[in-house]
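If you want the building blocks of each chain, they are given just below.
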Amino acid sequence: MKIDKLLRNNIRKLTPYSSARTEYRGGDAVFLDANENPYNPPFNRYPDPLQNDLKSKISSLRNIPVENLFLGNGSDEAIDLIFRSFCEPGRDNVISLVPSYGMYTVCADINDVAVKTVSLAPKFRFDKQAVLNAIDRHTKAVFICSPNNPTGNLFNEADVLEVAESFDGLMVVDEAYIDFSGSRGFLPFLERYSNMVVLQTFSKAWALAGIRLGMAFADPEIIRVMTKVKYPYNVSALTQQMAMKALNESGERNRWIETIREQRIRIEEALKGFEFVEEVFPSDANFILVRVNDPDRVYQYLLNRKVVVRNRSKLPMCAGCLRITVGNENENGLFLKHLEAYGREFDKSN
Ligand SMILES: *Cc1c(COP(=O)(O)O)cnc(C)c1O
C-alpha cells in the first residue's frame, strides 16, 4: 500500500521539530544543549523523545520490531494522530461502527473530519458488507474495536481481514481489551496487511490508566509518520519509568487478568439469576453489558448506594443496557448485594 498517497498534504511536506536529545544519541555527557536546569536529578532532564528503552522492552515481549511500534499519551493520542496525519479536514471521512467507543467520533469532530457510521449486525457482529459498502474515495480509515466497547464481543477475524484486504486506507483495530479475551488478536497479521494499525493500551490489563500510555503497532512507514507529527516529549519520564517497572513484573498482571476473568464469570452467573435482568451479553473483556427492564431505575438505585456503573441505554442497539466493569472480589460482592436488594424491592411490583 502507498502510505504516502494517504497522507495529508501539509504532513507530507512537514519538517518535524528536531529536539536536542534526538540529535545526540550517546550516553553520559555534559548536557548544555537543552536549557535544562542542572539541579534536581533525574527529572530535571527531558525524557527520551523516542522512548527507546521502553520500546525495546515491549518489542522483545511482543516479538515485534521497534520500527513497528509507536508510544503515545494513551491510545487516545494515537487515534488523534491518525486524524491529524492522514485526514484532510472538510474533505476526508472515516468509518466508525455503532455502538462502539465514542472517542473515534469525538476525535473526528475535533479535526473536522466526517464520520460515516455503520451499524453492527445482530448479536453485535461485525458487518463486513455494510462496511465495504460505506467506503468511498475519501475514506481514509476504518475504526473498529475488538473486543468491542461497550458490547464486549470479539469480531470475526476473517471478516475484518477481508475489509483490510480490499481497502486502500487504514484499518485501525483497537485492542484495548484483547488481554481479557482468549484471542491472539490482529498483531500476527501486521506483516501481511501494511494498512493495519493495532492499538493497545496500558490502561486496562496493565492496570496503569493513570500514567497515560498507549501503543500503536503498524507498518514502519505509518509509525514514522505518527512519530513525526507527535509532540516531541509526548511520554513523560515518570510514565516511561512506571511502564518499565510494570513490564519487569508482568507476573502480577497475569494474575490480575486471571482473577478478573473468574470474577467476570461470577457476575455473569449471578446476573442471569435476577428477574429484572433480560439478557447478559457474552463478554471477552473486563466488563459486561447487561439488559435490564428499567435501566435508569437500576442505575439510580446503585448510584444512591455509591456504586457507579455506566448507563449505555441511550446508545443504538443498547436499549435497556448497563455496562458493568468487573471490579475486585469485594466490589463485585457489594454490587451484587445491592442488586439482590433491588430485586426484592422491585421484582414483585413489576
Ligand atoms: C479504555 C479504552 C481505551 C484506552 O484508552 P487510553 O487512552 O489508552 O486510556 C482505548 N480504546 C477503547 C475502546 C477503550 O475502551
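Residues numbered from 1 in each chain as written. Predicted model: local features only at pLDDT ≥ 70, side-chain atom pairs only at ≥ 80, totals over all residues. Heavy atoms only, no water.

(A) Broad picture of the overall build of the protein. Tallying secondary structure elements over the protein gives 13 helices and 11 strands in all. Over its C-alpha trace the protein gives a radius of gyration of 22 Å, about what one expects of a compact globule, namely 20 Å for 350 residues. Dimensions of the protein, computed from the C-alpha atoms along their principal axes, are close to 75 × 50 × 35 Å. Of all 350 residues assigned to the protein, the portion counted as buried reaches 49%. A separation of at least 24 residues holds for 70% of the contacts in the protein among residues at least 6 apart in sequence. (Helix = DSSP H or I, 4+ residues; strand = E, 2+ residues; numbered from the N terminus. Rg over C-alpha atoms; globule rule 2.2 N^0.38 Å. Buried < 20%, exposed > 50% of the residue type's maximum accessible area, 1.4 Å probe, protein only. Contact = heavy atoms within 4.5 Å.)

(B) Representation of the packing of helix α12 (residues 295-304) against helix α13 (residues 329-346) within the structure. Orientation of α12 relative to α13, taken along the N-to-C sense of each, is 125°, at an axis distance of 10 Å. In this view, α12 runs oblique relative to α13, as classed from their interaxial angle. Seen along the crossing, α12 lies across α13 with a hand that is right-handed. The residues of α13 that touch α12, namely those facing Arg 297, Val 298, Tyr 301 and Leu 302, are Phe 335, His 338, Leu 339, Ala 341, Tyr 342, Glu 345 and Phe 346. Residues belonging to the contact of α12 with α13 are distributed by class as follows: eight nonpolar, one polar and two charged. (Axes fitted to C-alpha atoms, helices over the stretch in contact; angles between N-to-C directions. Parallel < 35°, antiparallel > 145°, perpendicular 65-115°, else oblique. Left-handed = near helix turned anticlockwise from the far one by under 90°. Nonpolar A, V, L, I, M, F, W, Y, C, P; charged D, E, K, R; others polar.)

(C) Local environment of the nonpolar core. With 45 residues, the main nonpolar core has Ile 58, Ile 144, Met 171, Met 196, Phe 202 and Phe 217 as its most contacted residues. If you tally residues by element for this core, the top one is helix α8 (residues 157-166), at four residues. In this structure, Phe 217 is in contact with Ile 58, Arg 62, Ile 64, Asn 68, Leu 69, Leu 187, Leu 190, Met 196, Val 197, Val 198, Gln 200 and Ile 223, ignoring residues within four places of it in sequence. Listed in part, the 31 residues of the second largest apolar core include Ala 78, Tyr 104, Val 113 and Val 225. (Core = buried A, V, L, I, M, F, W, Y, C linked by side-chain atoms within 4.5 Å.)

(D) Expanded view of the sheet that holds strand β10 (residues 310-311). Spatially, β8-β9-β11-β10 is the arrangement adopted by the four strands of the open sheet, whose pairing is antiparallel. Every other strand in the sheet has two partners, leaving β8 (277-280) and β10 as the edge strands with one partner each. As defined by bridge partners, β8 adjoins strand β9 (residues 287-292) across three bridges and the pair is classed as antiparallel. Across the sheet, Val 280 pairs through a bridge with Val 290, a residue of β9. The sheet strands contacting helix α11 (residues 250-272) are β8 and β9, and the helix crosses β9 at an angle near 5°. (Pairing = 2+ DSSP bridges.)

(E) View of the site of the ligand. Contacts to the ligand come from 13 residues, most closely from Asp 174, Tyr 177, Thr 201, Ser 203 and Lys 204. Between Thr 201 and the ligand, the recorded distance is 2.6 Å, taken from a side-chain N or O atom to an oxygen atom. Within the side chain of Ser 203, one N or O atom sits 2.6 Å away from an oxygen atom of the ligand. Out of a free accessible area of 390 Å², the ligand has 93% covered by protein chains. Ranked by residue count, the leading element in the shell around the ligand is helix α5 (residues 74-86), at three residues. (Near = heavy atom within 4 Å. Polar contact = N/O pair within 3.5 Å; in protein donor to acceptor, adjacent residues only side chain to side chain. Areas by Shrake-Rupley, 256 points an atom, 1.4 Å probe, with all protein chains shown as cover.)

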